[in-house]
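Here is how the chains run, residue by residue.
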Amino acid sequence: LLKNEEFSDVTFIVGKDKNPFHVNRIFLAGVSPSFKALLYGQMKESEKDATICIEDIEPVAFECIVSFAYCNNPQVSGEKLLPLIKACDKYLISALFDLCCEYLESCLDADNFFIF
């Protein structure tokens, strides 16, 4: 189902470059109360085959969120970490936020402290 446009029921247009992500809303709603309210509430975004623009999240971070929602494998790395933490905080994705913190703790030391 991941990356299969045929079975998606919502499209997110993400970032300043407007990268499209065709996803199944149930997966995102399962990891985030914010996405649940957005996708299943009384807003127009809850309509079938909706298109939702999110410009303030970097596509690499949204891709991690989608991978986490579908496969429980966010593929966190140093370059994605800060944009991902920001997105997790904004959309209340606490389980992924915790994984990001664990990753940060595991790789942070005196030599790379200022990189993060």
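Summarised in this report is the structure supplied together with it.

Definitions and cut-offs
- Residues numbered from 1 in each chain as written.
- Predicted model: local features only at pLDDT ≥ 70, side-chain atom pairs only at ≥ 80, totals over all residues.
- Heavy atoms only, no water.
- Buried < 20%, exposed > 50% of the residue type's maximum accessible area, 1.4 Å probe, protein only.
- Helix = DSSP H or I, 4+ residues; strand = E, 2+ residues; numbered from the N terminus.
- Pairing = 2+ DSSP bridges.
- Core = buried A, V, L, I, M, F, W, Y, C linked by side-chain atoms within 4.5 Å.
- Contact = heavy atoms within 4.5 Å.
- Salt bridge = Lys/Arg side-chain N within 4 Å of Asp/Glu carboxyl O.
- Lys, Arg positive; Asp, Glu negative; His and termini not counted.
- Axes fitted to C-alpha atoms, helices over the stretch in contact; angles between N-to-C directions.
- Parallel < 35°, antiparallel > 145°, perpendicular 65-115°, else oblique.
- Left-handed = near helix turned anticlockwise from the far one by under 90°.
- Nonpolar A, V, L, I, M, F, W, Y, C, P; charged D, E, K, R; others polar.

A look at the pairing of strand β1 (residues 10-14)
Consideration 1: A large share of β1 lies buried, amounting to five of its five residues.
Consideration 2: The alternating pattern of β1 places Val10, Phe12 and Val14 and Thr11 and Ile13 on opposite faces, both of which are buried.
Consideration 3: Bridge count between β1 and strand β2 (residues 19-23): five bridges; the pairing is antiparallel. Paired with Ile13 across the strands is Pro20, a residue of β2.
Consideration 4: Where β1 folds back on β2, the antiparallel hairpin that results is connected by four residues, among which Gly15 adopts a positive phi of roughly 85 degrees.
Consideration 5: Pairing analysis gives five bridges linking β1 to strand β3 (residues 50-54), with the strands arranged parallel. Bridge pairing in β3 links Ile13 to Cys53.

Description of the nonpolar core
Consideration 1: Within the largest apolar cluster, 32 residues are counted, with the highest numbers of intra-cluster contacts made by Phe12, Leu28, Phe35, Phe62, Leu84 and Ile93.
Consideration 2: Broken down by secondary-structure element, the contributors of at least two residues to this core are β1, β2, α1 (25-31), α2 (33-40), β3, α3 (59-71), α4 (78-90) and α5 (94-107).
Consideration 3: The element contributing the most residues to this core is α3, with eight residues.
Consideration 4: With residues up to four places along the chain from it excluded, the contact list for Leu28 reads Phe12, Val23, Phe35, Leu39, Phe62, Ile65, Val66 and Ala69.

Brief notes about the pattern of salt bridges
Consideration 1: The final tally for this structure, using the stated rule, is four salt bridges.
Consideration 2: Residue Lys48 pairs with Asp49 through a salt bridge whose shortest N-O separation is 3.6 Å.
Consideration 3: Judged by relative accessible area, which is 73%, Lys48 ranks as exposed.
Consideration 4: Classification of Asp49 by relative accessible area gives partly exposed; the value is 46%.
Consideration 5: The shortest N-O distance in the salt bridge between Asp56 and Lys90 comes to 2.1 Å. One end of the pair, Asp56, is in the loop between β3 and α3; the other, Lys90, is in helix α4, and 34 residues separate them in sequence.

Comments concerning the side chain of Lys80
Consideration 1: Structurally, Lys80 can be placed in helix α4.
Consideration 2: One buried charged residue, Lys80, forms no salt bridge at all, with the nearest opposite charge on Glu79 at 5.5 Å.
Consideration 3: For Lys80, the residues in contact, after removing those within four places along its chain, are Val60, Cys64 and Gln75.

Let's talk about the sheet that holds β2
Consideration 1: With respect to topology, three strands assemble into an open sheet ordered β2-β1-β3, the strand pairing being mixed. Every interior strand has two partners, whereas the edge strands, β2 and β3, have only one. Averaged over all pairs of adjacent strands, the angle between their axes in this sheet comes to 25 degrees, without regard to strand direction.
Consideration 2: Of the strands in this sheet, β1 and β3 touch α2, which is tilted by about 120 degrees from β1.
Consideration 3: Together, β1 and β2 form the strand contacts of α3, whose direction differs from that of β2 by roughly 10 degrees.

Points about the packing of α3 against α4
The relative placement of two packed helices is expressed as an angle between their axes plus a distance between the axes.
Consideration 1: Between α3 and α4, the least distance of the axes is 8 Å, while the angle of their chain directions is 70 degrees. In terms of their interaxial angle, α3 and α4 are classed as roughly perpendicular. In the packing of α3 onto α4, the handedness of the crossing is right-handed. Seen from α3, the contacting residues are Val60, Ala61, Cys64 and Ile65; seen from α4, they are Lys80, Pro83, Leu84 and Ala87.
Consideration 2: Residues that form the contact of α3 with α4 fall into these classes: seven nonpolar, no polar and one charged.

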